[in-house]
Amino acid sequence: MTQLITHIIGTGSYLPEKCLSNHDLSQIVETSDSWIKARTGIETRHIAAEGEVTSDLATEAARRALDAAGLTADDIDLILVATTTPDKTFPATAAYVQAKLGVTKGAAFDIQAVCSGFVFGLATADSLLKQGLFKTALVIGAETFSRILDWTDRATCVLFGDGSGAVVLQACDGDKSAKEARGILAHHIRTDGEKADLLYVDGGVSSTQTIGHVHMNGPKVFKYAVMNISSAVMEVLRQADLTIEDIDWFVPHQANQRILDGVAKKLGINESKVVSTVSRHANTSAASIPLALDTAIRDGRIKSGQLILIEAMGGGFTWGASLFRI
Ligand code: ACO
């Protein structure tokens, strides 16, 4: 049966120029390259320059994604920016991105689901495109996470970095049930507000009128991440009537290598199918999946027609997964 299916037709990503190594961090807090590498797999992270804001990072990734898709700003009528670190309280960072790109039609708004923001954004854009409300969308994950870190707290400041990634989406006629059907095949998103205190920022407009800093119960986040992500993955596979063996590439949220390994092991995914870029840019929250996806497309690992599984978990808790054939 023919229906509208959302295709990913271009990807782009951007990392700020300044790079901070584990050794650099050991000059700021009591930590070491060996501790960080062993517990997280992280080696370096990028930090936005003074005056460089989230919409700058988002705009750069979006430009690269548009180039890859062979489109221009005139083709875009929907922009979703997944971010926890907006330029301002309002307007939405997506509004700034719209203006910086020179997009003059449609709608632009932000998605706030922390590290799961890109998965939530993709699901939202997919629904809007499939309803025919918009034709061509940019979904961007962009963060200047370094600005909400407590640089004296070694338990959190070593884990995160700044960056952005973007995809261009377009709805086309197709048959989702056909074998080898391309486009977004399934998604599943969830929130459990009861776990809000396990990963949060201790500030905000309405409560403290300050920005606040990241606080996290690392071991509990680790435990729930592996459990929740695995169940979301099983749900999208069920929806698409596919099995884990059908997956060509697993592109997880790049939180830390041990979570990636734990999820891959629980799901029975061979490590050769896992795209991992966390060593290079640490946890960039909503930006990490499109960053990793773009990296693996540009270096030739991910090829047209392959089946891709993405997943994430973050503050809220929020979590989810998507399945698409590129
Ligand atoms: N350098 C050196 N020592 C450190 C550091 C550091 N940067 N940070 C903590 N330690 C110490 C602690 O103080 C503690 O010392 P103690 O035993 O003397 O008290 C010791 O290391 C062990 O601390 P734990 O917190 O138990 O370490 P753990 O093995 O749990 O590893 C980590 C910590 C890496 C944060 C782990 O819990 C984890 O990966 N959690 C998942 C969290 C995560 O990735 N969050 C990202 C956001 S959510 C998401 O994206 C899914």
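It should be noted that the structure appears before, not after, this text.
As the structure is a computational prediction, the values presented were derived from the model and not from experiment.

> Whenever I open this one, the packing of helix 7 (residues 218–240) against helix 8 (residues 257–267) confuses me. Can you help?
Each pair of packed helices can be summarised by the angle the axes make with each other and by the distance between the axes. Relative orientation of the contacting elements helix 7 and helix 8 amounts to 45 degrees, with a least axis distance of 9 Å. In terms of orientation, helix 7 and helix 8 fall into the oblique class. As helix 7 runs across helix 8, the sense of the crossing is right-handed. Note on element contacts: helix 8 touches helix 7 through Arg258, Ile259, Gly262, Val263, Lys266 and Leu267, opposite Phe222, Ala225, Val226, Met227, Ile229, Ser230, Val233 and Met234. For the contact of helix 7 with helix 8, a count of residues per class yields ten nonpolar, two polar and two charged.

> Where do I start with the packing of helix 3 (residues 54–69) against helix 4 (residues 93–101) in this structure?
One can describe the packing of helix 3 onto helix 4 by two numbers: an axis separation of 9 Å at closest approach and a directional angle of 50 degrees. Relative to helix 4, the element helix 3 lies oblique. Of the two elements, helix 3 crosses helix 4, and the hand of that crossing is right-handed. Between helix 3, through Thr54, Ser55, Asp56, Ala58, Thr59, Ala62 and Arg63, and helix 4, the contact on the second element is made entirely by Thr93, Tyr96, Val97, Lys100 and Leu101. Class assignment for the residues of the contact of helix 3 with helix 4 results in five nonpolar, four polar and three charged.

> Which parts of the structure should I look at to understand the side chain of aspartate 126?
One can find aspartate 126 in helix 5 (residues 117–130). Looking at aspartate 126, the relative accessible area reads 0%, which means it is buried. If we ignore the near neighbours within four places in the chain, the residues touching aspartate 126 are Thr6, Ile184 and His187.

Conventions adopted
All residue numbers here refer to positions counted from 1 along the written sequence of the relevant chain. Owing to the predicted nature of the model, reporting of local features is limited to residues with pLDDT of at least 70; listing and counting of side-chain atom pairs is limited to 80 or more, with chain, interface and lining totals taken over all residues. As a rule here, side-chain values cover all heavy atoms of the structure and leave hydrogens and water aside. Fitted lines through C-alpha atoms serve as axes, helices being fitted only where they are in contact, and the angles separating the N-to-C directions of these axes extend from 0 to 180 degrees. Under the scheme used here, helices are H or I runs from DSSP no shorter than 4 residues and strands are E runs no shorter than 2 residues, and both carry numbers assigned from the N terminus. For classification purposes, an angle smaller than 35 degrees is called roughly parallel, one larger than 145 roughly antiparallel, one from 65 to 115 roughly perpendicular, and anything else oblique. In this scheme, a crossing is called left-handed if the near helix is turned counterclockwise away from the far one by less than a right angle; it is called right-handed if the turn is clockwise. Contact between two residues is taken to exist if any of their heavy atoms lie within 4.5 Å; hydrogens are not considered. All residues other than Ala, Val, Leu, Ile, Met, Phe, Trp, Tyr, Cys, Pro, Asp, Glu, Lys and Arg, Gly among them, are scored as polar; the first ten of these are nonpolar and the last four charged. Exposure is judged per residue with a 1.4 Å probe applied to protein chains only, and the accessible area is read against the type maximum: over 50% gives exposed, under 20% gives buried, and values in between give partly exposed.

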